[in-house]
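A closer look at the structure
Now for the letters of each chain:
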Amino acid sequence: MKYLYLLTLLTTTATARRGGSPFGAPTSATTVFRSTRSTTSALGITSGDLTERRRRILAGDDAGLLSPPPSLSSSHRRDMGRREMYSNKDVQLVAVDKAKIAGNLARGALLRIASDISGGTPLESIKCRVTVTKFNMVEAYKSIVDDGGFGELWAGTPSRTVEGALLGALFLVGASGTKKQVLAMGGGPTLAALCSGIVGGLAQAIVMTPAGMIFTSLNVNKKTPGMENDNAWTVSKRIISEKGVKGMFIGGGPMCIRQASNWASRSCFTEIARTQLKMSQFGLLGEIGSGVIGGLGSCWNTPVETARVVMQKDVAEGNEPKSFGEYLKDINEKDGVPGLFRGVTPRGIQAIWQTVFMVVVPNILGV
């Protein structure tokens, strides 16, 4: 509404001053103002308001003309006031984001790399092994170490570092910008945290789908003849040769669901713990405790992750993948509900770890 009103004023101003119409045909200012009467009537602007504004425009006194006229209804004025407030804040936020975007990219990349190297990668390896086998967490750990020693827990670290840098950068920029935008529009901190997690998680899914495919293949094919010495390059080359580039993005749907719900839950539950449970008043320990609650609270979507891993396992082994729903049905029929939550223990620890790095630390830094 505000912009329609401004368009009316700007069009009539320009036309009146140059003695023509917006379409090039010569006409008088009176004709132009008459042609906008139906528009201004819809906005609640009286002919007296328009006449006064025409007089001031022709006299060159344009100051204050962008404010709503006094004859506007209270609902029109409230709506225009709110829109103007949000518009001004939007402009400020864009300027701030442009100035800080490089810093947020760097912070996000470093935080995610630190998270992976310090424990995220070993936990991901154990979780993946538990999901595709009948092992529990301890048995999966022993199996991985027996295959290649303790360092095998960090298998794929170079590719995981590149992936982590991209994931962290995308997440922090998307989440930070969304959070500030929601707050500027009048949303509360919990809603802002929820929306920031959704956007940040979806941004990550672009990178995580092919990266998850590679990581799953490296884990499940470790003892497969001809694939013992696989690396990220050979896995990518084989999948693309068999299924094309789109083969690298098989499982993208579950990945988007998983990432959006993951980070929405982590961010939202962490914020609830900080503000509603007032844990932030306990300083650093309270902030970390909030992250623990947020990380554990995000594990409700483990069935989505279980189906995603099994789907990408089939692709890595050269099998034709089924639909997401079919995987959920098959797992439930074979192993029941516990099968859908296979790997929830290492996943819970990993979720806490990542939440502390990617949600709690940015909160402390005020990002």
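These figures come from a predicted structure and were not determined experimentally.

Below, the discussion takes up the overall build of the chain. Looking only at helices and strands, one finds 14 helices and 0 strands in the chain. Helices and strands in the chain line up, N terminus first, as α-α-α-α-α-α-α-α-α-α-α-α-α-α. By the burial criterion, 47% of the 367 residues in the chain qualify as buried. The contacts of the chain with a sequence gap of at least 6 include a subset with a gap of at least 24, amounting to 73%. Total accessible area computed for the chain in this model is approximately 17,500 Å², and 65% of it derives from carbon and sulfur atoms.

Moving on: the packing of aromatic side chains. All told, the structure shown has 3 aromatic pairs when counted by the stated rule. With a centroid separation of 4.5 Å and an interplanar angle of 45°, the aromatic rings of F171 and W263 are classed as tilted. Of this pair, F171 sits in helix α7 (residues 157-184) while W263 sits in helix α10 (residues 252-275); the two residues are 92 residues apart in sequence, bridging distant segments of the chain. You can call F171 buried: its relative accessible area is 2%. Measuring from ring centre to ring centre gives 6.2 Å for W353 and F357, while their planes differ by 40°; the resulting arrangement is tilted. Highlighted residues: W353 and F357, both in helix α14 (residues 344-365), separated by 4 residues, approximately one helical turn. The cationic tip of R266 hangs over the ring face of W263; the distance from NZ or CZ to the ring centre is 4.5 Å.

Time to look at the nonpolar core. Within the largest apolar cluster, 14 residues are counted, with the highest numbers of intra-cluster contacts made by M213, I214, V235, I239, I250, V315 and Y327. Within the residue set of this core, elements represented by two or more residues are α8 (189-220), α9 (232-243), α12 (302-316) and α13 (324-340). Of the residues forming this core, the biggest block, 4 residues, is contributed by α12. Look past the residues within four positions of Y327 in its chain and what remains in contact with it is A307, V310, M311, D314, E320, P321 and K322. Judged by nonpolar contacts, the second largest core, of 7 residues, contains F171, W263, F357 and M358.

Here we take up the pattern of salt bridges. In this structure the tally under the stated criterion is 15 salt bridges. Measuring nitrogen to oxygen at the nearest pair gives 3.2 Å for the salt bridge that ties R274 to E271. Linking R274 with E271, this pair stays in helix α10, spanning 3 residues, or about one helical turn. Considered together, R274 and E271 belong to a single accessibility category, that of buried residues. Taking the shortest distance from any N to any O, the salt bridge between D330 and K322 comes out at 2.5 Å. Here the residues in one salt-bridge network are E124, K127, R258, E305 and R308, joined through shared partners.

As a further point, take unusual backbone geometry. The backbone of K278 sits at a positive phi, close to 55°, despite the residue not being glycine. Here K278 lies in the loop between α10 and α11 (283-297).

For E163, the position within the fold is in helix α7. By relative accessible area, E163 is classed as buried at 7%. Residues E163 and V207, 44 residues apart in the sequence, show an inter-C-alpha distance of 7.0 Å.

Each turn of an α-helix holds 3.6 residues, which means side chains three or four residues apart point in the same direction. Given a rise of 1.5 Å per residue, 15 residues ought to cover 21 Å, and the 21 Å separating the end C-alpha atoms of α11 matches this to within 8%. Burial in α11 covers these residues: G286, E287, G289, S290, G291, G294 and G295. Buried residues along α11 sit against α10 and α14.

The rules behind the values
- Residues numbered from 1 in each chain as written.
- Predicted model: local features only at pLDDT ≥ 70, side-chain atom pairs only at ≥ 80, totals over all residues.
- Heavy atoms only, no water.
- Helix = DSSP H or I, 4+ residues; strand = E, 2+ residues; numbered from the N terminus.
- Buried < 20%, exposed > 50% of the residue type's maximum accessible area, 1.4 Å probe, protein only.
- Contact = heavy atoms within 4.5 Å.
- Areas by Shrake-Rupley, 256 points an atom, 1.4 Å probe, with all protein chains shown as cover.
- Phe/Tyr/Trp six-rings, centres within 6.5 Å; stacked < 30°, edge-to-face > 60°.
- Lys NZ or Arg CZ within 6 Å of the ring centre and 35° of its normal.
- Core = buried A, V, L, I, M, F, W, Y, C linked by side-chain atoms within 4.5 Å.
- Salt bridge = Lys/Arg side-chain N within 4 Å of Asp/Glu carboxyl O.
- Expected span 1.5 Å × (residues − 1).

Any functional reading would require information that these geometric values do not contain.
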